[in-house]
Structures are given as C-alpha cells and as structure tokens.
Amino acid sequence: MTRTQVPFPSPATLKRFPHIHDDPSTLSHTLDPFTITTSSGFLPYQTAPTDLPEVFKPLVSLLERLPVVKADGTPGLLATYELGPATEAELPDLTDEVEKLVLTDGEWDRFTITAVFRDYTFLASSYLLEPCWESWCTSADRGYGLGRDVLPKSVARPMYRCAQILDLPPFMSYAASYALFNYTVTDHTKGLEEYSNLRLVRAFERGLDPKSSEAGFILTHVDMVKETGSLISGALRVIDTLEQQGPRTDINDGFREILQAMEKIEASMEDMWANSKPSEYLSFRVFIFGITSQSMFPNGVIYDGVEDNKPLFFRGESGANDSIIPLLDHLCQIPMPSTPLTKILHEFRAYRPLPHREFLTYVREKAEEIGVQEYSVQDSETAVLFLRTLNHVRSFRWRHWLFAREYIIRRTPHPTATGGSPIVTWLPNQLSAVMDLMVSIYDRYLAPKEGAATMNGQEDLIASHRKQVEPMMELVRDQKDKLAKEVERWCQERGV
Ligand code: HEM
Ligand SMILES: N[C@@H](CC(=O)c1ccccc1NC=O)C(=O)O
C-alpha cells in the first residue's frame, strides 16, 4: 500500500500532461513522438520508423547509398564525395507530399513527419558538410575547410516544412534526428532491455555496423535515455507532493526514485568507453557540426526557396539538447552564473522537441514557485537526499568532462563543439555551478555549527546525516580545485 495522501500525479500535472501515465503503445500518431510518459520517458513513445512512405523513395534511396560504408559493407556516396552531385541530380522537391502526411481525422501524422524530418536532416548535414569531410580525409593538418553554403530547394523546402509542423529549428537535432529517433531493435519481443538488441536506422560513416564507434556513440545515449521514465516519475513525485502539501516521506521517496534512475543512467554512460572508441570519434563527428559559430560556415547557409534566401544559422547536434540533466538542474534550482556561456545553455533549449520543452519549463516554473530547494534543506534527511541528487548531476557532468577531454580536446585544436560552444570553457561553466551549490548547501545546513549544543537531539541527527555525505563533499572540494587547474592549463595551451 502506498503512503501517498495526496493525488499523484496532481490534477495540475495531469491537466497539463494528460498522457503522462498512458501506455505508450496506445498513443495516436497525431501526437508528437516525444510526448512524455512515465514509461517511455524522454524516448519517443514508439520506436521510430525505419522506412518512409513510398513517395519519399528518392530520399530513402539517397540515404541508403549515403554512408561512407553502406549496410552491405561497400563504400557509399560520402566515401567518394559524390553525395552533393547525386542529390542535385536525383531529388525532386517533395514539399507537397509533406502536406499530405495527415491521418484520417485530418490531423498531422507527426510520427511519420518526424521520420521524414530525420531523413531530410541527415541528407542536409551530409550535403553541407561533405566538403569538410573531404578536407578532413585528405589534408594532412585535418582542418575542415569550408562547407557548402547553399542548400538546394529539394532538401531545404520539405525539411523546413516538417520543422514548421513539428515546431523545431530546420536542422539536424539530437532527439528528432540523429540520436533518439534513429534507433530500432532487431528482436521486437526483447525491446530495449538488452543493449545488443539495438541498431541504428541511419548513419553517416560506419554506423550501420552495430559494433562501430558511430553506432556505439548513439546507442549508448539511447540506452541511457531508456531509464528516464522513473527519473520523470521521481521528479513529479517531489513536485506534485510538495505542491499539494503532502508528506515529507513521499517527497523523500521521490528523491530516492531519482537516485535509483541516475545510478542506472550513469552505469550505462560508463559503457561509452567500450561501445565507442575515443580514437574513432572525430571521423563521424564531422557530419554533426552546426552552421553557427563554426569556421566552416562563416556566413551561415542559404536555404534555397526558404525565408527569401537570406542566410540562416543553426546550432549543431549536441547532447546539450538531452533532457536528463536539465530536468535535474531545474528541479534542484541549480543557479547558473550570468555569463555568455550560460546564454548558450539557454539557446540549446530551442532544439528540444516541443513536449520536452514544455515539460522542462513546467518543472522549472513549479520548482521555483513551490521552492523545492528551500523545502529540501529544512530537514537534514531531505537535505542529504537533495545533496545526493546534486552529486549525480556533478558526477554525470564530471564523467562527461572526461569524455570531452579524451574524445575531443586532446585530439583536435578546433575551438568549438558541434553545438557551437567553446570546447574548453563551456562544460566547466555548468560543472562548477553544481559543485559551488553543493558546497554552499553543505556549509549552510549540514556542517558542524560553532556553539551548537552537542547533546541536543536535533544536532545529533544532523551529525549522523553529515557523516553520510562527508566523503562525498571531500571529493567535491578536490574536484573543484582539480577542474579549475585543468581548465587553466588547457586555456593556456590552446591560447583561449
Ligand atoms: C563520447 C561521449 C561524449 C562526448 C565527446 C560529448 C561531448 C559534448 C560536448 C563537446 C558538449 C558541448 C556542447 C556543444 O556545443 O555541442 C556536450 C554537451 C552535453 N552533452 Fe555530451 N558528449 C558525450 C556524451 C554524452 C552523453 C552520453 C550524454 C547523455 C545524454 C551527453 C549529454 C550532454 C549534455 C547534457 C550536455 C550539456 C552539458 C551541460 O549542461 O553542462 N553527452 N557534450
Ligand atoms: N557536442 C559534441 C557532440 C555531442 O554532444 C553529441 C552529438 C550527437 C549526439 C549526441 C551527442 N552527445 C553528447 O553530448 C561534440 O562536439 O562532439
């Protein structure tokens, strides 16, 4: 029997997110595929289509021939730098066919439209970055050179139309394109349970081979995000119970559910090292750069037939559009410094699917309104659970910093990440913010107080809770110093 004495989810949450507890397999394809449920979490409510309606055959044909190594193991169009000419010669403008992607009730078939969007964005990025791929493969210094600066009508117009319908920027994105709408399973009865059952749908380089580093890179993200149903459920339990002034024990349970989900997510994240080799990352990475804040696109890109042909600028595909960490940032009300770096963090928000954006905004506003942080620190047991939640945000970001260092920073002087953020300073901006908050909460609410009555029951309880987090806090203080020194060294070495 549950101890909950207030409705969960709260009427307010249910009103705002009516599908939150639905069985994902029953959801209508008119809904955005990233409609959130507590079982599918931030993954799409159903596995993405591997094929498109027949009329998009010319697009699918290009996509199947596109990868550097095709599904059958032979070289594809990007291997010989022939994708550009093939696209220009073969692809008709299928924008009118996008208009026909409606279901019987006349509503958009958003599920299929997202698959069409995914495929156009794959083609667009391949087309724009093919010259960079050629420079990277052929020039000794491994520079990227310049990308193409005009996207043909036959790619630009239908991609733009899909993006309008889905309310997304018209460019390859993390959720609706390369990562979360780009996996399938070999055995449908097994689903997502086993990592070895996962496969990519589309790939740039060698990703159709499940053992490749490209496949491993993306599928590790999928394997992590599959655990987000209970993360969302835990976060909602905290917010909904607090909003309805329910019992603290239930709020503590919400934090426990979050902690359990994060254990699984971080364990899966650690498999990145085995699933995707650091030495092979920079290859397929060429195709995921954006067209803003990048030397390859100094003047953005003209989308022929779109927005009066004025140059457009979009951030590239990035895990910064993932929703796990922003959910916890918002729930815990982690304050970010007012720096230009934080502005980039906010700009990334626009690249998430609409349902993720709506959910994260809801969590951010509710957490502020009901004061999740303030409530949590008033009781030493909740304060410990809150600190342990923050510690997951820290360890995620620390592990992630090690990825950025070993897969990218050590191996290329290129100053910006695919999303256009400065490669050395941006990730530490957020990592330092979490560590600062941990130290300030510990010092204020759990550290020994001068003159506190030692035999007072309350002090004893605080002391016993303090003991639980002391080793964790020691590590945080060490890591804070280590990070600052390391960032300074990289900045000096790279002239930042
Ligand atoms: C080899 C593995 C990875 C590398 C090299 C890597 C690299 C990067 C880089 C360079 C950024 C900067 C943003 C930009 O401008 O593009 C970034 C951001 C980010 N990535 Fe990754 N990433 C990796 C794996 C992951 C995984 C598995 C996740 C989990 C979903 C993830 C989630 C994030 C998040 C949340 C951000 C925003 C950072 C923040 O809020 O502090 N990344 N990543
Ligand atoms: N920003 C990263 C790439 C990246 O973030 C990313 C790209 C595609 C899919 C997932 C990603 N996740 C990691 O953050 C980079 O600069 O290499």
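Residues numbered from 1 in each chain as written. Chains lettered and ligands numbered in written order. Predicted model: local features only at pLDDT ≥ 70, side-chain atom pairs only at ≥ 80, totals over all residues. Heavy atoms only, no water.

Using the following cut-off: UniProt positions are given in the numbering used here, feature names are shortened, and annotations may be inferred rather than shown by experiment.
An unreviewed UniProt entry lists the protein under the name Indoleamine 2,3-dioxygenase, from Penicillium canariense. UniProt's Catalytic activity (unreviewed entry) comment on the protein is quoted here verbatim: "L-tryptophan + O2 = N-formyl-L-kynurenine". The heading Function (unreviewed entry) in the UniProt record of the protein holds the text "Produces N-formyl-kynurenine through the oxidation of tryptophan."

A short note on the environment of Lys 57
Defined as follows: Helix and strand assignments follow DSSP, with helices taken as H or I runs no shorter than four residues and strands as E runs no shorter than two, numbered in order from the N terminus. Each residue's exposure class comes from its accessible area (1.4 Å probe, protein chains only) as a fraction of the maximum for that residue type: buried when under 20%, exposed when over 50%, partly exposed otherwise.
Mapped onto the elements, Lys 57 comes out in helix α2 (residues 57-65). A relative accessible area of 52% places Lys 57 in the exposed class. Sequence-wise, Lys 57 and Leu 43 are 14 residues apart; in three dimensions their C-alpha atoms are separated by 27 Å.

What about the site of ligand 2?
This is how the line gets drawn: What makes a residue near a molecule or strand is one non-hydrogen atom of that residue sitting within 4 Å of it. Whenever two N or O atoms come within 3.5 Å, that pair is a polar contact, provided that in protein one can donate a hydrogen and the other can accept it, and provided that, for residues adjacent in sequence, both atoms are side-chain atoms. Reported accessibility uses the Shrake-Rupley method at a 1.4 Å probe radius. Residues are deemed covered only where the shown protein chains occlude them. Think of it as three bins: nonpolar holds Ala, Val, Leu, Ile, Met, Phe, Trp, Tyr, Cys and Pro, charged holds Asp, Glu, Lys and Arg, and polar takes everything else, Gly as well.
Not every one of the 15 residues close to ligand 2 is listed here, only the nearest: Tyr 281, Arg 285, Glu 317, Gly 319 and Thr 418. Within the side chain of Tyr 281, a nitrogen or oxygen atom sits 2.4 Å from an oxygen atom of ligand 2. Within the backbone of Gly 319, one N or O atom sits 2.8 Å away from an oxygen atom of ligand 2. When the free accessible area of ligand 2 is taken as 390 Å², the share hidden by the protein chains comes to 91%. With three residues, the top contributor of residues to the shell around ligand 2 is helix α8 (residues 213-225). Of the residues assigned to the shell around ligand 2, the class counts are eight nonpolar, five polar and two charged.

Structural notes on the site of ligand 1
Taken together, 26 residues surround ligand 1, and among them Arg 397, His 400, Gly 419, Ser 421 and Gln 430 come closest. Residue Ser 421 places a side-chain N or O atom 2.6 Å away from an oxygen atom belonging to ligand 1. Those elements that provide at least two residues to the shell around ligand 1 are α8, α14 (340-348), α17 (380-409) and α18 (426-446). When residues in the shell around ligand 1 are grouped by element, the largest group, six residues, is from α17. When grouped by side-chain class, the residues that make up the shell around ligand 1 number 15 nonpolar, nine polar and two charged.

Description of the packing of aromatic side chains
Put simply, the rule is: Ring pairs are drawn from Phe, Tyr and Trp, using the six-membered ring of Trp, whenever the two centres fall within 6.5 Å, and their geometry is named by plane angle: stacked under 30 degrees, edge-to-face over 60, tilted for the rest. Our definition puts a charge over a ring when NZ of Lys or CZ of Arg is within 6 Å of the ring centre and also within 35 degrees of the ring normal.
Within the structure shown, the criterion is met by 25 aromatic pairs. Aromatic rings pair up to connect Phe 122, Trp 133, Trp 136, Tyr 178, Phe 204 and Phe 287 into one cluster. We note Arg 148 situated over the ring of Tyr 127; from NZ or CZ to the ring centre the distance is 4.6 Å. When the ring centre of Phe 348 is taken as origin, the NZ or CZ atom of Arg 315, which lies over that ring, is 5.6 Å away.

Here we look at the coordination of the iron atom of ligand 1
Here is the rule we go by: Keep in mind that water is not among the atoms, so a site may look incomplete; donors are the N, O and S atoms within 2.8 Å of the metal, or 3.2 Å for Na, K and Ca. Geometry is assigned from the angles between donors: four donors with all angles from 85 to 135 degrees make a tetrahedral site, four or six donors whose opposite pairs exceed 155 degrees while the rest stay between 65 and 115 make square planar or octahedral sites respectively, and everything else is labelled irregular.
When only protein atoms are considered, the iron atom of ligand 1 has one donor, His 400 (NE2), at a distance of 2.0 Å. Given six donor atoms and angles of 85 to 179° at the metal, the environment of the iron atom of ligand 1 is assigned as octahedral. As for its position among the elements, His 400 is in helix α17.

So, helix α13 (residues 324-331)
Inclusion rule: In this description, contact between two residues means that some pair of their heavy atoms is separated by no more than 4.5 Å.
Most of α13 sits inside the fold, with eight of its eight residues counted as buried. Next to the buried residues of α13 lie α8, α9 (228-243), α10 (248-270), α15 (354-370), α16 (372-376) and α17. Among the residues trailing α13, Gln 333 stands out with phi positive, at a value near 55°.

Quick word on the packing of α9 against α15
Selection rule: Here the axes come from fitting lines to C-alpha atoms, over the contacting stretch only for helices, and the angles between their N-to-C directions go from 0 to 180 degrees. Two helices crossing with the near one rotated counterclockwise from the far one by less than a right angle form a left-handed crossing, whereas a clockwise rotation gives a right-handed crossing.
Close contact between α9 and α15 brings their axes to 10 Å; oriented N to C, the two are set at 35°. Relative to α15, α9 is oriented so that their crossing is left-handed. Where α9 approaches α15, its residues Ile 232, Leu 236, Ile 239, Leu 242 and Glu 243 are matched on the opposing element by Phe 359, Val 363, Lys 366, Glu 369 and Ile 370. By residue class, the composition of the contact of α9 with α15 is seven nonpolar, no polar and three charged.

Some words on helix α3 (residues 83-90)
Put simply, the rule is: Throughout, the arc means the angular range of directions from the helix axis out to the C-beta atoms.
The complete set of buried residues in α3 reads Leu 83, Gly 84, Ala 86 and Thr 87. Summarising the axial view, the buried residues of α3 lie within an arc of 170°, below the 170-degree limit, and thus occupy one face. Relative to its buried face, α3 has exposed residues pointing more than 90 degrees away, namely Glu 88 and Ala 89. Packing partners of the buried residues in α3 comprise α2, α5 (110-138) and α6 (153-166).

Points about the UniProt feature "binding site: heme b" (unreviewed entry) in the protein
In this numbering, the UniProt entry assigns the feature "binding site: heme b" (unreviewed entry) to His 400. Discounting residues that sit within four places of it in the chain, His 400 has contacts with Met 269 and Leu 427.

Quick word on the layout of surface pockets
Short version of the rule: Every definition here rests on a 1 Å grid over the protein atoms only: cavities are sets of points where a 1.4 Å probe fits but cannot get out, pockets are open sets enclosed by protein on both sides within 12 Å along at least five of seven lines, and lining residues have some atom within 4 Å of a point. Grid points are joined across faces, edges and corners, and a volume is the space filled by probe spheres set on the points.
In this structure, the second largest pocket spans a volume of roughly 340 Å³. Residue classes in the lining of the second largest pocket are distributed as seven nonpolar, seven polar and five charged.

Some points on the pattern of salt bridges
So the rule is basically this: Throughout this description, the term salt bridge denotes a Lys or Arg side-chain nitrogen within 4 Å of a carboxyl oxygen of Asp or Glu.
Per the counting criterion, the structure on display carries 30 salt bridges. Across the pair Arg 405 and Glu 486 runs a salt bridge, and its minimum N-O distance is 3.0 Å. In this pair, Arg 405 sits in helix α17 while Glu 486 sits in helix α19 (residues 457-494), placing the two residues 81 residues apart along the sequence. Taken individually, Arg 405 and Glu 486 each receive the classification buried, so the pair is uniform in this respect. Overlapping salt bridges, with partners in common, bring together Arg 405, Glu 406, Arg 410 and Glu 486 in one network.

Focus: empty space enclosed by the protein
Inspection of every chain in the model, using the stated rule, returns one cavity of 30 Å³ or more. Of the volumes computed, that of the largest cavity is approximately 40 Å³.

Points about the nonpolar core
Note the threshold: In these notes, a set of buried Ala, Val, Leu, Ile, Met, Phe, Trp, Tyr and Cys residues joined through side-chain atoms within 4.5 Å is what counts as a nonpolar core.
If you look at the biggest cluster of nonpolar residues, it comprises 165 residues, and the most contacted ones within it are Leu 151, Tyr 303 and Phe 359. In terms of residues, this core owes the most to one element, α5, which gives 15 residues. Contacts of Tyr 303, omitting those with residues within four sequence positions, involve Leu 151, Ala 156, Met 159, Pro 170, Phe 171, Ile 291, Asn 309, Leu 312 and Phe 314.

Section: the side chain of Asp 223
With respect to the helices and strands, Asp 223 occurs in helix α8. Separated by 2.9 Å, the side chains of Asp 223 and Ser 268 make a polar contact. Non-local contacts of Asp 223, meaning those with residues more than four positions away in its chain, are made with Tyr 195 and Ser 268.

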